[in-house]
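The lines below spell out each chain.
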Amino acid sequence: MELFWAPRTRSFYALWALEETGLPHEKVLIDIWSGQQDGADYRAINPMGKVPALRDGEVAVTEAPAICAYLADKVPESGLALPLEDARRGAYYRWLFFAASCIEAAYFEKMSGLEIDARRAGWGSFEKVFTTLARELESREWIAAERFTMADLMIAGGLKYGMMLGILEPRPVFEAYVARCTKRPAYRRAEEIDAAALAEQG
Ligand SMILES: N[C@@H](CCC(=O)N[C@@H](CS)C(=O)NCC(=O)O)C(=O)O
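Note that the structure is a prediction, hence the values are computed from the model and not measured. (Residues numbered from 1 in each chain as written. Predicted model: local features only at pLDDT ≥ 70, side-chain atom pairs only at ≥ 80, totals over all residues. Heavy atoms only, no water.)

Draft legend 1. Structural context of the overall build of the chain. Of the regular secondary structure elements, the chain holds 8 helices and 4 strands. Ordered by position from N to C terminus, the α and β elements of the chain give β-α-β-α-β-β-α-α-α-α-α-α. The C-alpha radius of gyration of the chain comes to 17 Å, within 12% of the 17 Å expected for a compact globule of 202 residues. Once the C-alpha set of the chain is aligned to its principal axes, its extents read approximately 40 × 40 × 30 Å. Counting all 202 residues of the chain, 49% fall into the buried class. Contacts spanning at least 24 positions in sequence make up 61% of the contacts within the chain whose residues lie at least 6 apart. Working note: accessible area of the chain is about 10,500 Å², and carbon and sulfur atoms make up 53% of it. Within the chain, the 30 negative side-chain charges are centred at a point lying 5 Å from the centre of the 24 positive side-chain charges. (Helix = DSSP H or I, 4+ residues; strand = E, 2+ residues; numbered from the N terminus. Rg over C-alpha atoms; globule rule 2.2 N^0.38 Å. Buried < 20%, exposed > 50% of the residue type's maximum accessible area, 1.4 Å probe, protein only. Contact = heavy atoms within 4.5 Å. Areas by Shrake-Rupley, 256 points an atom, 1.4 Å probe, with all protein chains shown as cover. Lys, Arg positive; Asp, Glu negative; His and termini not counted. Charge placed at Lys NZ, Arg CZ, Asp CG, Glu CD.)

Spelled out as C-alpha cells, the structure:
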C-alpha cells in the first residue's frame, strides 16, 4: 500500500488514519510546491491532482474521508468503523463525511465573508455547523459511538485546523474533544512523521 502525501496538508488525515490501523505501507512524498501533483503519473492516481491519495494494489482512493473509510473497513478488528449492521453506522457515516461536506464549507464561508442563504447552502451556515457540533459533543466523549472511530479523526482534525488558523473561536467543548483525540499515540506518531518530512524539505 502507498500513501501519496505532503507535510502540513490535508494529507495529515490519511497519515493519522494509517497510524491508527497499523497497516504496513510506503510513503511517497509529492512536492506540491513544484507541481509534481500535476504530472500525468500522479493524475492517473488522483485526477484532481491533490494530496492525499492511497494506492492499494489495483485500488486508488482519494479524498481524505474516503481514505479513512477504506482503511477502517480494511481492518474491521480495529473498531475504527462501525459494522454495517450496527444501528450507529448511520451516525458514523454522517460524522465521517461532515468534516469535508460541512466544516470545510463553513470555514470557506467565514474566510471569504460571503453571505449565503442558509437554506440553499449544503452546510447551512457557519453558526449552524458549530452549534450542532458543540451540542453533540457536550453530551458524549466520542462523536459516533462509545469509542474513538475514524469519524472522530475527521471531526477532530477539522476542528483543530480551524482553531489553529483562528477561523473557529475555541470553545471548551471543542478544545477538550480535540485534546482527547490528539493524545492518541497514533496521532503523536503521525505528527512526528509530518514534522520530520517538513524539516527534511527545508
Ligand atoms: N478534498 C481533498 C482536498 C485535498 C487538498 O486540498 N489538498 C491540497 C493540500 S491541503 C493539495 O493537494 N493542493 C495542491 C494543489 O491543489 O495543487 C481531500 O479531502 O483529500
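Draft legend 2. Looking closely at the site of the ligand. By nearness alone, every residue bordering the ligand is listed as Thr9, Arg10, Gln37, Gly49, Lys50, Val51, Pro52, Glu63 and Ala64. Within the side chain of Arg10, a nitrogen or oxygen atom sits 3.0 Å from an oxygen atom of the ligand. One of the backbone nitrogen or oxygen atoms of Val51 is found 2.9 Å away from an oxygen atom of the ligand. Burial of the ligand by the protein chains amounts to 75% of its free accessible area of 510 Å². (Near = heavy atom within 4 Å. Polar contact = N/O pair within 3.5 Å; in protein donor to acceptor, adjacent residues only side chain to side chain.)

Draft legend 3. Structural view of the pairing of strand S2 (residues 26-29). Sheet topology note: the strand S1 (residues 2-5)/S2 ladder contains 4 bridges and is parallel. Bridge pairing in S2 places Trp5 opposite Leu29. After leaving S1, the chain enters helix H1 (residues 11-21) and then returns to the sheet as S2, a path that is right-handed. (Pairing = 2+ DSSP bridges. Right-handed = clockwise from strand over helix to strand, strands pointing away.)

Draft legend 4. Structural context of the domain arrangement of the chain. Each assigned domain of the chain is listed with its residue range as follows: domain 1 (2-78 + 186-201) and domain 2 (89-184). In this structure, domain 1 and domain 2 have C-alpha centres spaced 22 Å apart. Counting residues at the interface gives 16 residues for domain 1 and 18 residues for domain 2. When the two sides are added together, the surface that domain 1 and domain 2 hide from each other amounts to roughly 1,500 Å², 64% of it contributed by carbon and sulfur. Interface area lost by domain 1 to domain 2 is led by Tyr13, Trp16 and Pro65, which between them contribute 39%. (Domains from an automatic or database assignment. Buried area = accessible area lost by both parts, 1.4 Å probe.)

Draft legend 5. Just the nonpolar core, in detail. Residues Trp16, Phe130, Leu133, Met150, Leu159 and Phe174 are the most contacted members of the largest nonpolar core, which totals 65 residues. Those elements that provide at least two residues to this core are S1, H1, helix H3 (64-74), helix H4 (89-112), helix H5 (126-138), helix H6 (150-164), helix H7 (172-182) and helix H8 (185-201). With 11 residues, H4 is the largest single contributor of residues to this core. When residues are assigned to domains, this core turns out to be shared by domain 1 (2-78 + 186-201) and domain 2 (89-184), each giving three or more. Discounting chain neighbours no more than four positions away, the residues touching Phe174 are Phe130, Leu133, Ala134, Leu137, Leu159, Met163 and Leu168. Formed by 7 residues, the second largest nonpolar core is a distinct cluster that contains Phe4, Tyr42, Ile45 and Ala53. (Core = buried A, V, L, I, M, F, W, Y, C linked by side-chain atoms within 4.5 Å.)

Draft legend 6. Summary view of a nonpolar patch on the surface. Taken together, the side chains of Leu84, Tyr93 and Phe97 make up a nonpolar region of the molecular surface, amounting to roughly 300 Å² of accessible area. Inspection of the secondary structure puts Phe97 in helix H4. Phe97 sits in the partly exposed class, given a relative accessible area of 35%. (Patch = residues over 30% accessible without salt bridge, like charges linked within 9 Å, V, L, I, M, F, W, Y side chains within 5 Å. Salt bridge = Lys/Arg side-chain N within 4 Å of Asp/Glu carboxyl O.)

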